[in-house]
Structure formats: C-alpha cells, structure tokens
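# Examination of the molecular architecture
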Amino acid sequence: MADTKTEETGFKTDSGIEIDRVYKSASAMNEEPGVFPFTRGVQSDMYRSKVWTMRQYAGFSTAEESNKRYRYLLSQGTTGLSVAFDLPTQIGYDSDHDLSDGEVGKAGVAIDSLQDMEVLFGGIELEKISTSMTINASASVLLAMYIALAKRQGASLKNLTGTIQNDILKEYAARGTYIYPPKPSMRIITDIFEYCSKEVPKWNTISVSGYHIREAGATAVQELAFTLADGKAYLQAAIDKKLDINVFAKRISFFFNAHNNLFEEVAKFRAARRMWAKITTDLGATDPRAMMLRFHTQTGGSTLTAQQPMNNIMRVTIQALAAVLGGTQSLHTNGYDEALSLPTEEAATIALRTQQVIAHESGVTQTVDPLGGSYFIESLTDEIEAKAWEYINRIDEMGGAVNAIEAGFIQQEIAHSAYLYQKDIQSGSKIIVGQNKYVVPEPPFTKVFSIDDAIRVVQMEKLKALRTSRNNETVKAAINSLEQAARDGSNLMPHILHAVENYATLGEVCDTMRKVFGEYEG
C-alpha cells in the first residue's frame, strides 16, 4: 500500500527523496498507525490520503450576517463549518428575555427558533457539509433544529455529518454555561446518544472538550487528564443506560487546545489516543473503531495578545503545526485580532490560509506521525501519559468526574495552575513577546469587528412575528408532551424535535425542562 501511494502520488521532498509511509525503528517504534493503541494516529495513511477538515469557528450578530460569513469561508476553501452561538442561546434564553440584554449576537450568532436556523444555513446543503456546533446545555435543542432543517431540505438523516459539543461536565468545571443540575444534564446527553445512534448514525453526539479547561488555566497534563476523565464519565453513563459501547463510542469525539510549546502539544495528542484506547477497552469495547480517539483542535485563544497583535499569526502557525504533527482530524485557527474582538474577514482569511500553507507547502503531511521515533517526543509522550493517569486515578478514587467536580477538586487544580502561570508572566520568568518583553510603543489597534446593540431589537421583532404567525395550540401541545417526557423518563429528543418543528422557541423548550429539572446554582 505504501509503495502504491508513493508511486501514484509521488511523495518526495523537493530534492526528490522518496518519503516512506511511516517511520520505523527497531529500537524505538513497534506501533503502527491505525492500529491499537493508536499512539501514532487513527488512520494508517493519515494525511497522505486526505488532509484534516479545515474549519473556521464563526458566528455573530444575526443568522443573516453569519450566513454571509459561512458562504464566504466555504468559497475560500473551508471544508467544514463551525458555529459559534451567543451566550443567551448557550444558556437557553430567547433574545427577548431580560437576562439576554447586552449579549444578543455578541459572542456568537443568536438562534431563537427553527426560523433562525433556516436563515443561518440558507443556500447551504447540509447533506454535503460537516457542521460542528459549539453548544452544550442547550445542545439537544440546536441539534433538533439542525435535524428539522435537514429534513426540510430533503436530506437523508443517515448521511448527516457533524458534531455537537454537548459536554456539560467541563461547563461546571471551567466555563459556566450550564442550565440544569448534573444528573438531568447527563440524562439529556445519553438521550442524545441513544436517539442519534438510530436516527442520525454518522453524527458525533459529543465532543468532549479540553479546550475550555485549558483556556481556564489548566496545564497540558491537566487538560488531558480532566478531559479523559469527563469522557470516561460519559461512557459509564451510557453503559448504565444499557447502550452498546461498540456503537455509541464511535460517535464520541474530542476537542483539544493547542498552545505554543510545540513538542509538549504533539506528545499530549499522542498520549491522548493511547489513553482513550485503554479506557474504552477497560469498559468493554471490542470494536477498534470504538477505541479510537478522534479530535478537533482549536489554537489557543488565551495565548493571543492585544499587544503587537500581528505576532499572533506566528503563534497560531506554531499551534496549528502542533495539531497537525499530533494527528488532528479537524482544525480551527484563530484570527490574529481575537484578543481585541471577533475576527475580521481579513483575519479569518489569514487564519484559513495558515492551515492551507501547512497542508500544501510544508511537507509535514507526507508521512504518518513525522515526529515518531524521536527520543524527545517518545519520552515526553510517556511522561505526559503517566502524569495524566495520576490525576485520573485520583478522580476515580473520588467516584468519577461528576463527584470530583461537585467537590470542587478539578476547579481548584485549574485555578492553582492559572495562578502560577500568571505569576510567572508578571515576574518575567515566562516571556510573552510584545507583552512583558520586546515591548514597543504602538498606536491603538483600530481594525476591530464590532456588533451593534440594535441586534437584540431585530431578534425581538422576529420573535414577536413568529409567535403571531405560528400555530400556538400545536406548540402548546408539543411543549406539554415534552414536559411529560421529562417527568416520565422517556427519551427527550423526539419531543424536542417535534416542538422545534412547530416553531417552539429555544427559550420555551429550555424553560419546560427547567420547570422539571431545576437549575444548577454552582
């Protein structure tokens, strides 16, 4: 196979040196890529056959404005969409709710109903793209809207591909956009697992996220350990619901951060695959595809500086390269201006071009696991794995990730690491170019992207018109059915789908579940 690939596609350096499919060394490497425990990658050929999915995380203002950005990114070579939702959408409030004031359309796009979803993906065939949605507490509702739209487009749900983040445990630990207490939240997640395994089998039903754990101040080891501990909790919850690990584990993906320490990040990704393979097999997985850790990477937002923002282009390049050398399946690169605002179109384009240059000009895609066999990488992979297992074993002794979060253990560990990191920056022992060293006077950066507060008025008018035009008796019946399902333990997804298909709003659906499950106070 390797010889055929080389012959057909000419994997050679610029000097004409032929590239082997994978490096092998009798002393260091017995593992093959695509084979358990997948340290070297989940596919035998990795990027030689197909490069990673190039996503650009985008969403702002109204569905109309975000749709324009999506269509632009697709025209520039993006191969998958990644949707950012505003804070009210993330915590299940409609745009006209009092708590939404000042936040509508700011951190992402405002989605109040299926009507907004129809506009968001206007002119985009859902069956032909892969869509990642960064949504957690209200993930069931946004997924239902996406499915409803796909049905209206005539798409086959069996072919629908994409991911919902749907990772509520890291919200309690590191981010804060939760709605319900942990137990009902875990029920909603396993309901999604069960529903999608039958109705939308190619959809990744959870993206267990280390990204926000790292953004909150965790180290690379903590990011890995806490993320896999959360993943283990989701596996156990699904097993307790009598779901087959060989089915649902295939649809679990991960979402990691990439920071500036190139080799540590590469080693982290390699260790993650090996550890997940052990976790899944220990819990009963026998299908190799259920043991594979597949992941999306986003470059580190917290590493970007408002000072000398053009330096961020270099930071993003290093981080993207680490993700690729580590074997990511999907990648988002941040805009250089994101320490100041949402990315401008120019910054988003440069970020996408960064991925394209790495893919097509750097040569790193020509062999699988290019750093495999390096003493530094192999030993660092082992060390990171060992330290991450220490954390996971401590969490297991507490009864698992949910108990560790409720006890405040994970939060305290992250906060302590964040404190030490900031202390090092302030002392100068950790150099941040342009921020605490090599500082020069610079004029204010003015090319920022801003969102008009009037967006809320636009969304409120849409909601008012929707509530007048829809069949409110049908909506009421659908909401009552959802409430009954929440009380009697039935799978919630068919009821949520029925409600949104009849234009129940996000807030109405989430409030119904709030009524039954209550809210988490933190």
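Just so we're clear, the structure is a prediction, and the values are computed from it rather than from any experiment. (Residues numbered from 1 in each chain as written. Predicted model: local features only at pLDDT ≥ 70, side-chain atom pairs only at ≥ 80, totals over all residues. Heavy atoms only, no water.)

One pass over the full model with this rule turns up 32 salt bridges. For Glu64, the salt bridge goes to Lys462, with nearest N and O atoms at 3.1 Å. Remark: Lys462 occurs in helix H18 (residues 455–469) and Glu64 occurs in helix H2 (residues 63–75); sequence separation between them is 398 residues. Linked through salt bridges whose partners overlap, the residues forming this network are Asp94, Asp96, Arg467, Arg470 and Glu508. (Salt bridge = Lys/Arg side-chain N within 4 Å of Asp/Glu carboxyl O. Helix = DSSP H or I, 4+ residues; strand = E, 2+ residues; numbered from the N terminus.)

Turning our attention to the side chain of Gln308. On the secondary structure map, Gln308 appears in the loop between strand E8 (295–299) and helix H13 (311–325). At 2.9 Å, the side chain of Gln308 and the side chain of Asn311 are in polar contact. With near-sequence residues (within four places) excluded, Gln308 lies in contact with Gly434, Tyr438, Val439, Val440 and Glu442. (Polar contact = N/O pair within 3.5 Å; in protein donor to acceptor, adjacent residues only side chain to side chain. Contact = heavy atoms within 4.5 Å.)

Counting 138 residues, the largest nonpolar core has Phe121, Ile496 and Val509 as the members making the most contacts within it. In contact with Ile496, other than residues within four places in its own chain, are Ser140, Val141, Ala144, Leu482, Val509 and Met513. (Core = buried A, V, L, I, M, F, W, Y, C linked by side-chain atoms within 4.5 Å. Buried < 20%, exposed > 50% of the residue type's maximum accessible area, 1.4 Å probe, protein only.)

Attention now goes to the packing of helix H9 (residues 220–240) against helix H15 (residues 375–397). The contact between H9 and H15 brings their axes to 9 Å, and the two run at 45 degrees. Put simply, H9 runs oblique to H15. Crossing angle aside, the handedness with which H9 passes H15 is right-handed. On H15, the residues that touch Val221, Gln222, Leu224, Ala225, Phe226, Leu228, Ala229 and Lys232 of H9 are Ile384, Lys387, Ala388, Tyr391, Ile392, Ile395 and Asp396. Of the residues in the contact of H9 with H15, the class split is 11 nonpolar, one polar and three charged. (Axes fitted to C-alpha atoms, helices over the stretch in contact; angles between N-to-C directions. Parallel < 35°, antiparallel > 145°, perpendicular 65-115°, else oblique. Left-handed = near helix turned anticlockwise from the far one by under 90°. Nonpolar A, V, L, I, M, F, W, Y, C, P; charged D, E, K, R; others polar.)

With that out of the way, let us pick up the confidence of the model for the protein. On average, the protein scores 92 in pLDDT, and the residues at 70 or more come to 96%. Between residues 1–8, whose pLDDT stays under 50, and residues either more than four places distant or in other chains, the model counts 13 contacts. (pLDDT = per-residue confidence, 0-100.)

Here Asp167 is to be found in the loop between strand E4 (161–164) and helix H6 (169–175). Buried charge Asp167 goes without a salt bridge, the closest partner of opposite sign being Lys170 at 4.5 Å. Within the structure, Asp167 has its side chain in polar contact with the backbone nitrogen of Leu169 (distance 3.4 Å). Apart from the residues within four sequence positions on either side, Asp167 is in contact with Asn136, Ile206, Ser207, Val208, Ser209, Asp230 and Tyr234. (Lys, Arg positive; Asp, Glu negative; His and termini not counted.)

Quick look at the packing of helix H19 (residues 472–488) against helix H21 (residues 506–517) now. One way to put it is that H19 packs onto H21 with a least axis distance of 9 Å and a crossing angle of 35 degrees. Between H19 and H21 the crossing geometry is right-handed. For the pair H19 and H21, the contacting residues are Val475, Ile479, Leu482, Glu483, Ala486 and Arg487 in the first and Glu508, Val509, Thr512, Lys515, Val516 and Phe517 in the second. Taken together, the residues of the contact of H19 with H21 break down into seven nonpolar, one polar and four charged.

Turning next to helix H11 (residues 262–282). For H11, which comprises 21 residues, the first-to-last C-alpha distance of 31 Å matches the rise-based estimate of 30 Å (1.5 Å per residue) to within 8%. In terms of burial, H11 is largely enclosed, as 16 of its 21 residues are buried. Just downstream of H11, Gly284 is the residue with a positive phi angle, here 110 degrees. (Expected span 1.5 Å × (residues − 1).)

Turning our attention to unusual backbone geometry. In this structure, Pro37 follows Phe36 across a cis peptide bond, with omega equal to 5 degrees. As for its placement among the helices and strands, Pro37 is situated in the loop between helix H1 (2–9) and strand E1 (53–58). Positive phi is not limited to glycine here, since Lys242 has a value of about 70 degrees. Following the sequence through the fold, Lys242 ends up in the loop between H9 and helix H10 (245–248). You can call Lys242 exposed: its relative accessible area is 74%.

To continue, consider the pairing of strand E2 (residues 80–84). Counting buried positions along E2 gives five out of five residues, so the element sits mostly inside the fold. Of the two faces of E2, the one carrying Gly80, Ser82 and Ala84 and the one carrying Leu81 and Val83 are both buried. Pairing between E2 and strand E3 (residues 130–134): four bridges, direction parallel. Residue Val83 lies in a different strand from E3, and its bridge partner there is Met133. (Pairing = 2+ DSSP bridges.)

On to the packing of aromatic side chains, then. Scanning the model with the defined rule gives 19 aromatic pairs in all. Grouped by ring-pair contacts, the aromatic residues Phe254, Phe256, Phe269, Trp276 and Phe295 constitute a single cluster. (Phe/Tyr/Trp six-rings, centres within 6.5 Å; stacked < 30°, edge-to-face > 60°.)

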